[in-house]
Amino acid sequence: MLRLWGRLSSINVRKVVWAAQELGLPLQRTDAGGQFGLVREAAYLQRNPNGLVPLMEDDDTGLVLWESNAIVRYLCARHSAGKLYPEELPARFVAEQWMDWQQTTLNPAGRDAFMQWIRTPAAQRNSALIAASATAFGLLKWLG
């Protein structure tokens, strides 16, 4: 059984859930972080010293991971070798490149819009932040 701690309002938790769904893996998820707490409790911090989400535990191996891209890479390598995680090094590192791009370019571009639309009550949303984030996200038009 794969266990995942994190709330679905976290883009990094959503990324892990999406990967697990693509791989057809059963996943037990516990809400954590934000209004759900847990991430500052001693038991959680022993497993994830950053006190952030997501946190994943693979009961089959006993492995505990706490960075979303590392979790996705692990799931793909363990459960999808040759498919979502290519075996040939050139193809694998193109996939790795896109994982890093997602973290360093895609996430920052969309962060403010996500925070405003998903985590901010409608009456408190900042339209200028949303517009700037949407404009930054416009860089993705070249993808098709």
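Structure's up top.
Residues numbered from 1 in each chain as written. Predicted model: local features only at pLDDT ≥ 70, side-chain atom pairs only at ≥ 80, totals over all residues. Heavy atoms only, no water.

Below, the discussion takes up the environment of Asp-59. The topology assignment puts Asp-59 in the loop between β3 (55-58) and β4 (63-65). Residue classification places Asp-59 among the partly exposed residues on the basis of a relative accessible area of 33%. Contacts of Asp-59, omitting those with residues within four sequence positions, involve Met-1 and Arg-3. (Helix = DSSP H or I, 4+ residues; strand = E, 2+ residues; numbered from the N terminus. Buried < 20%, exposed > 50% of the residue type's maximum accessible area, 1.4 Å probe, protein only. Contact = heavy atoms within 4.5 Å.)

It is worth spelling out the packing of aromatic side chains at this point. Under the defined criterion, the tally for this structure stands at 1 aromatic pair. With centroids separated by 5.0 Å and ring planes inclined at 80°, the aromatic side chains of Trp-98 and Trp-101 adopt a geometry described as edge-to-face. Here Trp-98 pairs with Trp-101, and both are found in helix α4 (residues 89-119), just 3 residues apart, close to one helical turn. Trp-98 gets classed as partly exposed once you look at its relative accessible area, which sits at 34%. (Phe/Tyr/Trp six-rings, centres within 6.5 Å; stacked < 30°, edge-to-face > 60°.)

This paragraph deals with the sheet that holds β3. Whether parallel or antiparallel, the strands of a sheet pair through hydrogen bonds between backbone atoms. On the basis of which strands lie adjacent, the open sheet formed by 4 strands has the order β2-β1-β3-β4 and mixed pairing. The open sheet terminates on both sides in strands that have one partner only, identified here as β2 (27-30) and β4. Averaged over neighbouring strand pairs, the angle between their axes works out to 15° when direction is ignored. Note: β3 against β4, 3 bridges, orientation antiparallel. Following the sheet pairing, Asp-58 is matched in β4 by Leu-63. Strand contacts of helix α3 (residues 68-79): β1 (2-5), β3 and β4, with the helix running at about 25° to β3, the strand carrying the most contacts. (Pairing = 2+ DSSP bridges. Axes fitted to C-alpha atoms, helices over the stretch in contact; angles between N-to-C directions.)

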